[in-house]
Amino acid sequence: MSTPVDILSWICIVAGGIFCVIGAFGLVRMPDFYTRVHAASVTDTVGAGLLLLGMALQAGFSLVAVKLVMIRLLFLFANPTATHALVKAALARGLQPLLASGDDTSKR
């Protein structure tokens, strides 16, 4: 494998790993259900996508790369759809989002 492709693949893998770790801290630190769901959704979609892209670059032009791209497409469409369904179900169940306390000057 050529050196620039190898470097690019490792950049994607490291960035995806860092993004997933930061998203995991976001899951712990966020105050309510809706912000936690948002953190999980972004982490799954972007972090795992970067990891899969890096692995596809490592695999080169092969059947493995095609399978990784198909998994990436599945993540790209399924994760936001599942997150949307989860949030809609929580709203229908009556779970209200945590709103900012105090007087809000942005409402005019």
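In this text the structure is predicted, and so the values were computed from the model without any measurement.

Considering the environment of leucine 53
Along the polypeptide, leucine 53 turns up in helix H2 (residues 33-59). Placed 41 residues apart in sequence, leucine 53 and cysteine 12 show a C-alpha to C-alpha distance of 6.7 Å.

Let's talk about the environment of aspartate 44
Looking at the secondary structure, you find aspartate 44 in helix H2. Judged by its relative accessible area of 40%, aspartate 44 is partly exposed. It is 14 Å that separates the C-alpha atoms of aspartate 44 and histidine 84, two residues lying 40 residues apart in sequence. Setting aside residues up to four positions removed in sequence, aspartate 44 forms contacts with Gly49, Phe75 and Asn79.

Some remarks on a nonpolar patch on the surface
Nonpolar side chains collect at one region of the surface, where Leu63, Val66, Val69, Met70, Leu73, Leu76 and Phe77 lie side by side and expose about 690 Å² of accessible area between them. Along the polypeptide, valine 69 turns up in helix H3 (residues 63-93).

Examining the side chain of threonine 45
One can find threonine 45 in helix H2. Here the side chain of threonine 45 touches serine 41 through a polar contact of 2.9 Å, landing on its backbone oxygen. If we ignore the near neighbours within four places in the chain, the residues touching threonine 45 are Arg72, Leu76, Asn79 and Pro80.

Conventions and cut-offs
Residues numbered from 1 in each chain as written. Predicted model: local features only at pLDDT ≥ 70, side-chain atom pairs only at ≥ 80, totals over all residues. Heavy atoms only, no water. Helix = DSSP H or I, 4+ residues; strand = E, 2+ residues; numbered from the N terminus. Buried < 20%, exposed > 50% of the residue type's maximum accessible area, 1.4 Å probe, protein only. Contact = heavy atoms within 4.5 Å. Patch = residues over 30% accessible without salt bridge, like charges linked within 9 Å, V, L, I, M, F, W, Y side chains within 5 Å. Areas by Shrake-Rupley, 256 points an atom, 1.4 Å probe, with all protein chains shown as cover. Salt bridge = Lys/Arg side-chain N within 4 Å of Asp/Glu carboxyl O. Polar contact = N/O pair within 3.5 Å; in protein donor to acceptor, adjacent residues only side chain to side chain.

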